[in-house]
Amino acid sequence: MGSFSYWIEKLGDHYERKTGMRLFPGRLNVEMEEPYTLPARVTRLEGAEYGGSVSVNIVPCLIRSRASIADSIAGKRGFILRTDANEQGRGHHLKTIVEVATDVKLREHFHLCDGDVVEIETLEESE
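Before going into details, it helps to say that this report is about the structure given with it. As the structure is a prediction and not an experimental result, all values here were calculated from the model.

1. Considering the overall build of the protein
Within the protein, the secondary structure is distributed over 5 helices and 6 strands. When the helices and strands of the protein are listed from N to C terminus, the series reads α-β-β-α-β-α-β-α-β-α-β. Against the 2.2 N^0.38 benchmark of 14 Å for 127 residues, the protein shows a C-alpha radius of gyration of 14 Å, consistent with a compact globule. Structurally, the protein occupies a C-alpha span of about 45 × 30 × 30 Å along its principal axes.

2. Re empty space enclosed by the protein
Applying the stated criterion to the full structure yields 1 cavity of 30 Å³ or more. Within this model, the largest cavity holds a volume of roughly 40 Å³. Residue lining of the largest cavity: Ile80, Leu81, Arg82, Asn86, His93, Leu94, Ile97, Val98 and Glu99, and that is the complete set. For the lining of the largest cavity, the secondary structure elements donating two or more residues are β4 (76-83) and β5 (97-101). The class makeup of the residues in the lining of the largest cavity is 5 nonpolar, 2 polar and 2 charged.

3. Re unusual backbone geometry
Excluding glycine, most residues fall at negative phi; most peptide bonds, likewise, are trans. A positive phi angle, close to 55 degrees, is found at His111, a residue other than glycine. In this fold, His111 is placed in the loop between α5 (106-109) and β6 (118-122).

4. A look at the pattern of salt bridges
Summed over all chains, the structure comprises 14 salt bridges. For Glu49, the salt bridge goes to Arg17, with nearest N and O atoms at 3.4 Å. Here the residue Glu49 occupies a position in helix α2 (residues 47-50), and Arg17 occupies one in helix α1 (residues 4-19), the gap between them amounting to 32 residues. Between Asp114 and Arg107 there is a salt bridge, with its nearest N and O atoms 2.3 Å apart. If you follow the salt bridges from partner to partner, you end up with Asp13, Glu16 and Arg22 in one network.

5. Quick notes on the nonpolar core
Ranked by internal contacts, the top residues of the largest apolar core, which has 15 residues, are Val30, Ile63, Ile80, Val98, Val100 and Ile120. Broken down by secondary-structure element, the contributors of at least two residues to this core are β1 (28-31), β3 (56-65), β5 and β6. For this core, the element with the most residues is β3, which contributes 3 residues. Excluding anything up to four places from it in sequence, Val100 contacts Arg27, Leu28, Val30, Cys61, Ile63, Phe79, Ile80, Leu106 and Ile120.

Rules and cut-offs
- Residues numbered from 1 in each chain as written.
- Predicted model: local features only at pLDDT ≥ 70, side-chain atom pairs only at ≥ 80, totals over all residues.
- Heavy atoms only, no water.
- Helix = DSSP H or I, 4+ residues; strand = E, 2+ residues; numbered from the N terminus.
- Rg over C-alpha atoms; globule rule 2.2 N^0.38 Å.
- 1 Å grid on protein atoms, 1.4 Å probe; cavity = no way out; pocket = protein on both sides within 12 Å on 5 of 7 lines; lining within 4 Å.
- Points joined across faces, edges and corners; volume = space filled by probe spheres on them.
- Nonpolar A, V, L, I, M, F, W, Y, C, P; charged D, E, K, R; others polar.
- Salt bridge = Lys/Arg side-chain N within 4 Å of Asp/Glu carboxyl O.
- Core = buried A, V, L, I, M, F, W, Y, C linked by side-chain atoms within 4.5 Å.
- Buried < 20%, exposed > 50% of the residue type's maximum accessible area, 1.4 Å probe, protein only.
- Contact = heavy atoms within 4.5 Å.

Read these as layout, nothing more, since geometry by itself doesn't imply function.
Below is the structure:
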C-alpha cells in the first residue's frame, strides 16, 4: 500500500522505543508458503500510545537472502510487523504475507528482486 513511509515518519520514535532500532521508511513484503500466525509473546505498539486506532504487533526476526544462506551469513536483524486486522484475516494482506522492517532498505541490502527467496527466522522475546 506504500503508506509505511508516512507512518514511520509520524511514529518513528514509538517504533524505535519498541524495537531499539530506527526503522527505514519502507518494508519488505514476503509471501510465505503457509499462513503465518503470530507467536504468543509479541511486542505491541498500541494505537492508544500514539493517539491512533491501529495497533501493531512486532516480532523480532532475522532475514537472510539466498546468497547469505549459502554463505552462512547470520542475517539482518529486523521485525515482522502485523496489524491486529491482518492477524485476524480482515486486513489489507493475506496471512501468507509478512511485512519485515529493519534499519536498511532490504531490497538493496540483499540485492533482491521480486520472486527472490528469503528466509525469516523469528527470535524469542528477551523481556
